[in-house]
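# Close look at the chain arrangement
Each chain, letter by letter, is given below.
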Amino acid sequence: MKDNPDDFDEYKYDALEKKYSKQTKTWMDLNKKLNEGYINIRPTNKAVADVLGICERQVSYYMKCLKELGI
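What you see is a predicted model; the values in this text were computed from it and never measured.

Here we take up the overall build of the protein. Across its full length, the protein carries three helices and zero strands. The burial tally for the protein puts 3% of its 71 residues in the buried class. Total accessible area on the protein is roughly 7,000 Å²; 55% of this is exposed by carbon and sulfur atoms.

Following this line, the structure appears as structure tokens:
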């Protein structure tokens with residue numbers, strides 16, 4: 001975009017630059033939180049169901065039962 005300024009409108013360039021900087025900041029903050037252990041990544045019920053070969057509702061039921069047992 002910087003090489004061919006005639007192809008892009010100044011406002012579009014500013015909007016894209018703001019969007020890029022905001023998204024970069026968001027990703028940097030998220031990576032920082034992941035490295036510090038603030039955020040834990042957990043698989044979805046669908047991912048667990050696919051691995052175990054059962055349906056998502058069964059996974060949800062088993063998770064509910066585990067919570068009730070305090071596990």
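Taken together, the side chains of Trp 27, Leu 30, Leu 34, Tyr 38, Ile 39 and Ile 41 define a hydrophobic patch exposed on the protein surface, amounting to about 650 Å² of accessible area. Structurally, Ile 39 can be placed in the loop between helix 1 (10–36) and helix 2 (45–52).

A few words on a negative patch on the surface. Negative charge collects at one region of the surface, where Asp 9, Glu 10, Asp 14 and Glu 17 lie side by side. Within the secondary structure, Asp 14 is located in helix 1.

Here we come to the pattern of salt bridges. A complete count under the given rule lists two salt bridges for this structure. The residue Asp 29 makes a salt bridge to Lys 25 at a minimum N-O spacing of 3.0 Å. On the criterion of helical spacing, the pair formed by Asp 29 and Lys 25 is a turn pair, its members being four residues apart in helix 1. For Asp 29, a relative accessible area of 34% gives the class partly exposed. For Lys 25, a relative accessible area of 53% translates into the label exposed.

With 14 residues, helix 3 (residues 56–69) extends 20 Å from end C-alpha to end C-alpha; this agrees with the ideal 20 Å at 1.5 Å per step. Just downstream of helix 3, Gly 70 is the residue with a positive phi angle, here 85 degrees.

Our next topic: the packing of helix 2 against helix 3. Helix packing for two helices is described by the angle between their axes and how far apart those axes are. The contact between helix 2 and helix 3 brings their axes to 8 Å, and the two run at 110 degrees. Taken together, helix 2 and helix 3 sit at an angle that is classed as roughly perpendicular. Contacts between helix 2 and helix 3 involve Asn 45, Lys 46, Val 48 and Ala 49 from the first element and Glu 56, Val 59 and Ser 60 from the second.

Calculation criteria
Residues numbered from 1 in each chain as written. Predicted model: local features only at pLDDT ≥ 70, side-chain atom pairs only at ≥ 80, totals over all residues. Heavy atoms only, no water. Helix = DSSP H or I, 4+ residues; strand = E, 2+ residues; numbered from the N terminus. Buried < 20%, exposed > 50% of the residue type's maximum accessible area, 1.4 Å probe, protein only. Areas by Shrake-Rupley, 256 points an atom, 1.4 Å probe, with all protein chains shown as cover. Patch = residues over 30% accessible without salt bridge, like charges linked within 9 Å, V, L, I, M, F, W, Y side chains within 5 Å. Salt bridge = Lys/Arg side-chain N within 4 Å of Asp/Glu carboxyl O. Lys, Arg positive; Asp, Glu negative; His and termini not counted. Charge placed at Lys NZ, Arg CZ, Asp CG, Glu CD. Expected span 1.5 Å × (residues − 1). Axes fitted to C-alpha atoms, helices over the stretch in contact; angles between N-to-C directions. Parallel < 35°, antiparallel > 145°, perpendicular 65-115°, else oblique. Contact = heavy atoms within 4.5 Å.

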